[in-house]
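Remarks on the overall topology
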Amino acid sequence: MMKKCKVFVPFGALGGGIRQEAFQNAMRLKPDIISTDAGSTDSGPYYLGTGKGKYARKAVQRDMELILTAAHEAGIPVTIGTAGTCGSDSGVDEFAEIAVEIARKHGFSMKLAKIYTEQSPEEMKSRFAAGKIHPMEGAPKISPETFDTCSHIVALAGMEPFKEALSNGADVVICGRATDTAVIAAFPLMKGCDPAATWHAAKTAECGGVCTTDVEGGVFLTIDETGFTVESPSPEGSCSAFGISAHLLYENADPVCLTEPGIVIDTSKSVYTELGDGKVRVEGTTIEYRPYTMKLEGSGPAGFQTVSIVGIQDRDVMKDPMTWIRTMQDYVQKKLDAFGLDRSRYSYSIRPYGYNAVTGTAVPKGFVPNELAIMLLVTAETQELATQVAKVFNPYLLHFPVHPERPMPSFAFPFSPIECERGQLYSFRLYHLVELDDPLELCRIVYEEV
Amino acid sequence: MAKIKELVSYVRSKNAGPFWLTMDLFFDSKDKYMTLANSPGFTRQTLSEVFDVKAENIKIFYLPDLKVVKVSFPRKVIQGSPYDTDMHGGQQYVSVLDLEL
């Protein structure tokens, strides 16, 4: 009999939710496993920098309760990757705590596997010194000290630790940082499904319903030895050959090849066939095996920020806002210098929202806005200094005139005080690959019987 | 001369990790796709000027079966750094809409 595995991916990220009816339909299709990712770097360096998650705890609880209870009833396992948005160890612990609460509440037992993928700077420094860490294209330059400047470093797990945990009988696997696809690919690969088809299917389903016409309806995969079939479990959703093939473009720099730990898949010969009923069959994807690597992500403190915002409708300022900004900035810079504030310890940008703050590109000729929100963003070594710099700007954001000879204008501050302390800023520091002999050597798996 | 916004049926941009941006341009006819794919107005050089990144770092992928052109390049400012104004890179595509083909 042909080996086959049915994977239900309910969410693009756990915490994002799913339409009730779609969830029930998917469970009626009798999946062999429920798999979902729970994070990404896409929300910025703050999350990995602090180790905190993006979603409200209530949202995580709701989604986790839905899948854990359904999986328990169906007698199938659950894999969750990138716990707590950034996949930090504390994210794994938080997710595990929620899972345990749910099991206790519903009175069922489970074997929980926690996979930790956070890395110590010392360990990474020694691997860097041994020449085992290499930059990816576009990566920042690093030195051994870079690892010390990261408050959290994670390595993106491949399918192997999931396989290890599932082989050891885990009912629920909660992993730190993992590739979006590994969390989905692990079980079908264990079941003997075609590796190229499995990884391609996993990439297709990594964002849940995004590859279907119902973004909030999840996605259902049936993977076998020759390819995979993808369908939307939502009554309002369907899949098209175009939509499925185009999903490979999404958030991926290369539209044809997908690189994962130890493999590269090539979709240039993939054939997408619409089966009717909104299902799409994919065959013909090929795979190549590579030396095993894991991607590293690191984020660390990068100063403190203070924000001020002023609203302006003044007709003279609106006629030429960039000149107003430039003149005001030059004037204030002289004040900052006169106060002896060392320019190397702070920086700022002034962004005219409503004009061209988003991309900085030129506006159409003759464009006069009705009003602008002008944002001052100060970044400095300390919160105190960032706020002091913003305070020097304060009276000029409020009153700086286009015509100094006329009576002084006052612009619109939306609140008082105008300075908002944003706290610590974080930055991404690593975009590197670490070579490994054993796919499990940077993962620590802890089992818990609940 | 046509502008990109007159030809594309859909265009989007997004981060591809914290250090890269990627932009997908979708067309609803082979003719429109070919107009862009063959245009001297849409090259690594012209995109280099729009996005202020080195031409040699820009990758353009032509996908005739999908009638899609994909452009990927390293971010000029790293995602979330003090001068980043677009955390998810979702608005960067707007800058090419008026590019003359």
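What counts, and at which threshold
- Residues numbered from 1 in each chain as written.
- Chains lettered and ligands numbered in written order.
- Predicted model: local features only at pLDDT ≥ 70, side-chain atom pairs only at ≥ 80, totals over all residues.
- Heavy atoms only, no water.
- Pairing = 2+ DSSP bridges.
- Helix = DSSP H or I, 4+ residues; strand = E, 2+ residues; numbered from the N terminus.
- Contact = heavy atoms within 4.5 Å.
- Buried area = accessible area lost by both parts, 1.4 Å probe.
- Salt bridge = Lys/Arg side-chain N within 4 Å of Asp/Glu carboxyl O.
- Polar contact = N/O pair within 3.5 Å; in protein donor to acceptor, adjacent residues only side chain to side chain.
- Nonpolar A, V, L, I, M, F, W, Y, C, P; charged D, E, K, R; others polar.
- Buried < 20%, exposed > 50% of the residue type's maximum accessible area, 1.4 Å probe, protein only.
- 1 Å grid on protein atoms, 1.4 Å probe; cavity = no way out; pocket = protein on both sides within 12 Å on 5 of 7 lines; lining within 4 Å.
- Points joined across faces, edges and corners; volume = space filled by probe spheres on them.
- pLDDT = per-residue confidence, 0-100.
- Core = buried A, V, L, I, M, F, W, Y, C linked by side-chain atoms within 4.5 Å.

Residue and element names in this part refer to chain A. In the sheet, strand β11 (residues 257-260) pairs with strand β12 (residues 263-266) via four bridges, with the strands oriented antiparallel. Paired with T259 across the bridge in β12 is V264. As consecutive antiparallel partners, β11 and β12 are separated by two residues, and within that stretch G262 has a phi angle of approximately 80 degrees, a positive value. Where β12 and strand β15 (residues 286-289) come together, four bridges link them in antiparallel fashion. Along β15, the bridge assignment pairs I265 with I287.

Another aspect to go through is the interface of chain B and chain A. With 30 residues of chain B at the contact, the number on the chain A side is 35 residues. Carbon and sulfur atoms make up 61% of the surface buried where chain B meets chain A, a total of about 2,800 Å² over both sides. The residue K14(B) makes a salt bridge to E251(A) at a minimum N-O spacing of 2.5 Å. The tally of links from chain B across to chain A stands at 17 residue pairs in polar contact (both at pLDDT 80 or more). Elements with a minimum of two residues in the side of chain B that touches chain A: β1 (10-15), β2 (20-26), β3 (59-63) and β4 (68-74) of chain B. The element contributing the most residues to the side of chain B that touches chain A is β2(B), with four residues. Grouping the constituent residues of the side of chain B that touches chain A by class yields 13 nonpolar, eleven polar and six charged.

A few words now on the pattern of salt bridges. Residue and element names in this part refer to chain A. Tallying each qualifying case throughout the model produces 31 salt bridges over all chains. Its salt-bridge partner being R127, residue E123 comes within 2.6 Å of it at the nearest N-O pair. With a gap of four residues between them, E123 and R127 both fall in helix α5 (residues 121-129), about one helical turn apart. Among the residues examined, E123 registers a relative accessible area of 31% and is labelled partly exposed. Take R127: its relative accessible area is 14%, and that puts it in the buried class. Notably, a salt bridge pairs D316 with K319, separated by 3.5 Å at the nearest N-O pair. You can see D316 and its partner K319 sitting in helix α11 (residues 315-319), three residues apart, about one turn around the helix. Residue D316 is classed as partly exposed on the basis of its relative accessible area, which comes to 25%. Exposure remark for K319: the relative accessible area of 57% places this residue in the exposed category.

For the α-helix, the turn length of 3.6 residues means that residues three or four positions removed from each other point alike. All names here are of chain A. Those residues of helix α7 (residues 160-167) not exposed but buried are E160, P161, F162, A165 and L166. Among the structural elements, β2 (33-39), β3 (78-85), β4 (111-116), β8 (172-175), α8 (182-190) and β20 (444-449) are those in contact with the buried residues of α7. Positive backbone phi, at 90 degrees, marks G169, one or two positions downstream of α7.

So, on to the layout of surface pockets. By volume, the largest pocket is sized at about 1,100 Å³. Contributions of two or more residues to the lining of the largest pocket are made by β11, β12, β16 (293-312) and β19 (420-435) of chain A together with β3 of chain B. Grouping the constituent residues of the lining of the largest pocket by class yields 17 nonpolar, ten polar and 13 charged. By volume, the second largest pocket amounts to about 720 Å³. If you go around the second largest pocket, you meet 30 residues; those closest to its centre are T359(A), G360(A), K76(B), Y83(B) and T85(B). Elements with a contribution of two residues or more to the lining of the second largest pocket: α12 (321-338) and β17 (346-353) of chain A together with α3 (44-51) of chain B. Each residue belonging to the lining of the second largest pocket can be placed in one class, and the counts come to 13 nonpolar, ten polar and seven charged.

Turning our attention to the confidence of the model for chain B. Residues of chain B with pLDDT of at least 70 account for 100%, and the chain-wide mean is 94. Reported confidence for the predicted complex is 0.91 by ipTM and 0.94 by pTM.

A few words now on empty space enclosed by the protein. A water-sized probe, rolled over the atoms, reveals where empty space remains. Enumeration over the complete set of coordinates arrives at two cavities of 30 Å³ or more. The calculated volume of the largest cavity comes to roughly 50 Å³. Lining the largest cavity, in full, are S40(A), T41(A), G44(A), Y47(A), L48(A), T85(A), C86(A), R177(A), E297(A) and F428(A). When the residues that make up the lining of the largest cavity are grouped by side-chain class, the tally is four nonpolar, four polar and two charged. Computed from the structure, the second largest cavity encloses a volume of approximately 30 Å³. Lining the second largest cavity are L249(A), Y250(A), E251(A), R12(B), S13(B), K14(B), T22(B) and D24(B). Breaking the lining of the second largest cavity down by element, the ones donating at least two residues are β1 and β2 of chain B. If one sorts the elements of the lining of the second largest cavity by residue count, β1(B) sits on top with three residues. Here the residues of the lining of the second largest cavity are counted per class, giving two nonpolar, two polar and four charged.

Our focus in this paragraph is the nonpolar core. Residues and elements named next belong to chain A. Grouped together as the largest cluster of nonpolar side chains are 56 residues, with contacts concentrated most on F162, L221, V230 and M294. In terms of residues, this core owes the most to one element, α8, which gives seven residues. Excluding residues that lie within four positions of it along the chain, F162 makes contacts with T79, I80, G81, I115, V173, C175, A178, A182, V183 and A186.

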